[in-house]
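A closer look at the structure
So you can see what is in the structure, the chains are spelled out below.
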Amino acid sequence: GNITMTDSSISATSGILPAGGSETGHGGNVTLSGQTVNLTNSTIKVSSADASGMSSRRASSSGGNIAISTDGGAGSVTSITIDSTSQLLALLSNAAPGPGGLITISSNLHDNNIQVNGTVEADRGGVDIRNQGTNGQITLTNATLRGDIVKVAALGDGGILRIGGGTHNA
């Protein structure tokens, strides 16, 4: 079926550290798979990097993973939407031993589109956005993509990649 997250958050990160504690715990995993997946003003966080000295600080020792995929619908549809106020986060501080996490967003069906306008960040990890549908499109509009490795690919014979502003750091 369809997955819609509006004004929501999912946290699968490590627990609260004791005062003066160092990074500990592994990031979690979140997988969303449906006919369509739409995130509006929502956050998925699978590992944390709160600053030292904060009360109720969370700081993971390794990154978590987020996987969003779709089996799409009939015809030309936007099967995955990450709106401008949504965030996918696998955070790590510089002091964490690592490794970083991986955030994947994927569609494999003909004529399906992926729209990313929000923030996708995998500190010391990877971001992989791919559409393998025959005429699949990926549109990045003012998106923020950040990771040691950032891959964005429209791989079908008629695939289209549109980049309209934003910040992309690898």
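This text gives an overview of the structure that appears in the document. (Residues numbered from 1 in each chain as written. Predicted model: local features only at pLDDT ≥ 70, side-chain atom pairs only at ≥ 80, totals over all residues. Heavy atoms only, no water.)

Let's shift gears to the pairing of strand E12 (residues 137-154). Strand direction decides the pairing type here: strand E10 (residues 112-116) and E12, joined by four bridges, are parallel. Each bridged residue has a counterpart across the sheet, and for Ile114 the counterpart in E12 is Ile138. Two strands pair when backbone bridges link them, and E12 and strand E13 (residues 160-169) are joined in this way by nine bridges, in the parallel orientation. Bridge pairing in E13 links Gln137 to Ile160. (Pairing = 2+ DSSP bridges. Helix = DSSP H or I, 4+ residues; strand = E, 2+ residues; numbered from the N terminus.)

Right, let's get into unusual backbone geometry. Note that the residue after Gly98, namely Pro99, is joined by a cis bond; omega there is 5°. One can find Pro99 in the loop between strand E8 (87-90) and strand E9 (102-107). A positive phi is found at Asp7, a non-glycine position, where the angle reads about 50°. With respect to the element layout, Asp7 can be found in the loop between strand E1 (2-6) and strand E2 (9-11).

This paragraph deals with the side chain of Ser86. Of note, Ser86 is situated in the loop between strand E7 (77-82) and E8. Ser86 sits in the buried class, given a relative accessible area of 1%. At 3.3 Å, the side chain of Ser86 and the backbone oxygen of Leu39 are in polar contact. There is a polar contact of 3.1 Å between the side chain of Ser86 and the backbone nitrogen of Asn41. (Buried < 20%, exposed > 50% of the residue type's maximum accessible area, 1.4 Å probe, protein only. Polar contact = N/O pair within 3.5 Å; in protein donor to acceptor, adjacent residues only side chain to side chain.)

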